[in-house]
Amino acid sequence: MTQPVQRQKLSDLVVEEIKRWVVTGQLGPGDRLPQESELMQRFGVSKGTIRESLKSLEVQGLVRISTGPRGGASIARVEYDKTAELLGNFFYFQQLDAPKIYELRRIVEPEMAAAAVGHLTEEQFARLEQSIHCCLQEPEDPEERRRQRIEELEFHNILAEACPNALLSFVCRFINRLLADLVVYKKMYVPKQKRIARENHNAHERLLAAYREDDREAVHRIMRDHMEECAVHIIELEAVVKSRFLGGNDDRPARTLAR
């Protein structure tokens, strides 16, 4: 028995066509859409259908609707933070752990880093230097360790911002967001991490020097080695934190990580 063919709603067809305008470059951020009456005429649909379509696009973040005499609908740029937040909520239910995250990070982070060579601005170089400086001091307490671990990820976010490949940039920034959540929600900053901090600092210093020299090959090699080190450390750290949780003791120093 054949299944009945489901017809697509008219409002969804209008949504798809407006998205096509954006993808093909006919409309960009800030451009106004035609008035409702013109859209009704162009698509041959009712006012209710047009309003349903615009509401759907507004919920997706692609359209901004304003009221008043000069009101109407205009194309809005979907921001990274909103997109990453929604995608992050999805992965909360996928039981991601450090090994799974690093299966991907090992692959994409060196490629992103190499692609960013020659694209860093002086303002971004200054931010990288500030990030390194922030992580140089010995943390006084777990809260300071938390800030330093997040700042170490921010170093990588700055590189991703400079990457001209939007897909590589997004994937790497999103992975860093997942890792930040892992650090915070699992309290992976509680154990002392002198070895992790030292190796992260050294890798970031070497990366910064290679970027100053526009040495794409060196950047790729250093980042690849850095990702291998990070994977070992965070997987080990996650296991330590898990054993503490099961054992009910959050005060013991992590000897393997503090050496």
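Note: the structure precedes this text.
These lines cover the structure that appears in this document, whether it is placed above or below. (Residues numbered from 1 in each chain as written. Predicted model: local features only at pLDDT ≥ 70, side-chain atom pairs only at ≥ 80, totals over all residues. Heavy atoms only, no water.)

The next thing to look at is the overall build of the protein chain. Check the secondary structure of the protein chain and you find eleven helices and two strands. Going from the N terminus to the C terminus, the protein chain shows its helices and strands as α-α-α-β-β-α-α-α-α-α-α-α-α. Relative to its full complement of 259 residues, the protein chain shows a buried share of 41%. Summed over its atoms, the accessible surface of the protein chain is roughly 15400 Å², and 52% of this surface lies on carbon and sulfur atoms. (Helix = DSSP H or I, 4+ residues; strand = E, 2+ residues; numbered from the N terminus. Buried < 20%, exposed > 50% of the residue type's maximum accessible area, 1.4 Å probe, protein only. Areas by Shrake-Rupley, 256 points an atom, 1.4 Å probe, with all protein chains shown as cover.)

For the pair helix H7 (residues 142–162) and helix H9 (residues 194–212), interaxial distance at closest approach is 11 Å and the crossing angle is 20°. Here H9 runs roughly parallel to H7, going by the angle between their axes. You can see that H7 and H9 cross each other, and the crossing is left-handed. Residues Arg149, Glu152, Phe155, His156 and Leu159 of H7 lie in contact with H9, whose contacting residues are Ala197, Asn200, His204, Leu207 and Tyr211. Taken together, the residues that form the contact of H7 with H9 break down as five nonpolar, three polar and two charged. (Axes fitted to C-alpha atoms, helices over the stretch in contact; angles between N-to-C directions. Parallel < 35°, antiparallel > 145°, perpendicular 65-115°, else oblique. Left-handed = near helix turned anticlockwise from the far one by under 90°. Contact = heavy atoms within 4.5 Å. Nonpolar A, V, L, I, M, F, W, Y, C, P; charged D, E, K, R; others polar.)

All right, on to the side chain of Glu109 then. Examined against the element boundaries, Glu109 turns out to sit in helix H5 (residues 98–115). Among the polar contacts listed, one links the side chain of Glu109 to the side chain of His156, at a separation of 2.8 Å. Excluding residues within four positions of it along the chain, Glu109 makes contact with His156, Cys172, Met223 and Met227. (Polar contact = N/O pair within 3.5 Å; in protein donor to acceptor, adjacent residues only side chain to side chain.)

Further remarks concern H9. The terminal C-alpha atoms of H9 lie 27 Å apart, and with 19 residues this matches the ideal 27 Å at 1.5 Å per residue to within 8%. Buried residues of H9: Ile196, Ala197, Glu199, Asn200, His201, Ala203, His204, Leu207, Leu208, Ala210 and Tyr211, and no others. Of the residues one or two after H9, Asp214 is the one with positive phi, at around 55°. (Expected span 1.5 Å × (residues − 1).)

Within the structure shown, the criterion is met by five aromatic pairs. With 5.1 Å between their ring centres and 80° between their planes, Phe90 and Phe91 make a pair best called edge-to-face. Since its relative accessible area comes to 26%, Phe91 is described here as partly exposed. Each member of the aromatic cluster is reached from another via a ring pair, and the members are Tyr80, Phe90, Phe91, Phe170 and Phe174. A cation over an aromatic ring shows up here: Arg212 above the ring of Phe125, its NZ or CZ 3.9 Å from the ring centre. (Phe/Tyr/Trp six-rings, centres within 6.5 Å; stacked < 30°, edge-to-face > 60°. Lys NZ or Arg CZ within 6 Å of the ring centre and 35° of its normal.)

Counting 42 residues, the largest nonpolar core has Leu128, Leu159, Leu179 and Tyr211 as its most contacted members. For this core, the secondary-structure elements that each account for two or more residues are helix H4 (80–91), H5, helix H6 (122–134), H7, helix H8 (166–185), H9 and helix H10 (216–247). For Leu179, the contacting residues outside a window of four places in its chain are Ile101, Tyr102, Arg105, Leu153 and Ile234. Counting residues in each nonpolar core, the second largest holds 14 residues, with Val45, Ile50, Leu54 and Val63 among its members. (Core = buried A, V, L, I, M, F, W, Y, C linked by side-chain atoms within 4.5 Å.)

This next bit is on the pattern of salt bridges. This model, assessed by the stated rule, comprises 18 salt bridges. Here Glu123 makes a salt bridge to Arg127, at a shortest N to O gap of 3.9 Å. Of the two residues, Glu123 and Arg127 are both situated in helix H6; the distance of four residues between them amounts to about one turn of the helix. The closest approach of N and O atoms between Arg127 and Glu154, which form a salt bridge, is 3.5 Å. Of this pair, Arg127 sits in helix H6 while Glu154 sits in helix H7, placing them 27 residues apart in sequence. Because the salt bridges share partners, they merge into one network encompassing Glu123, Arg127, Glu154 and Glu161. (Salt bridge = Lys/Arg side-chain N within 4 Å of Asp/Glu carboxyl O.)

Don't take any of this as a statement about function, it's just geometry.
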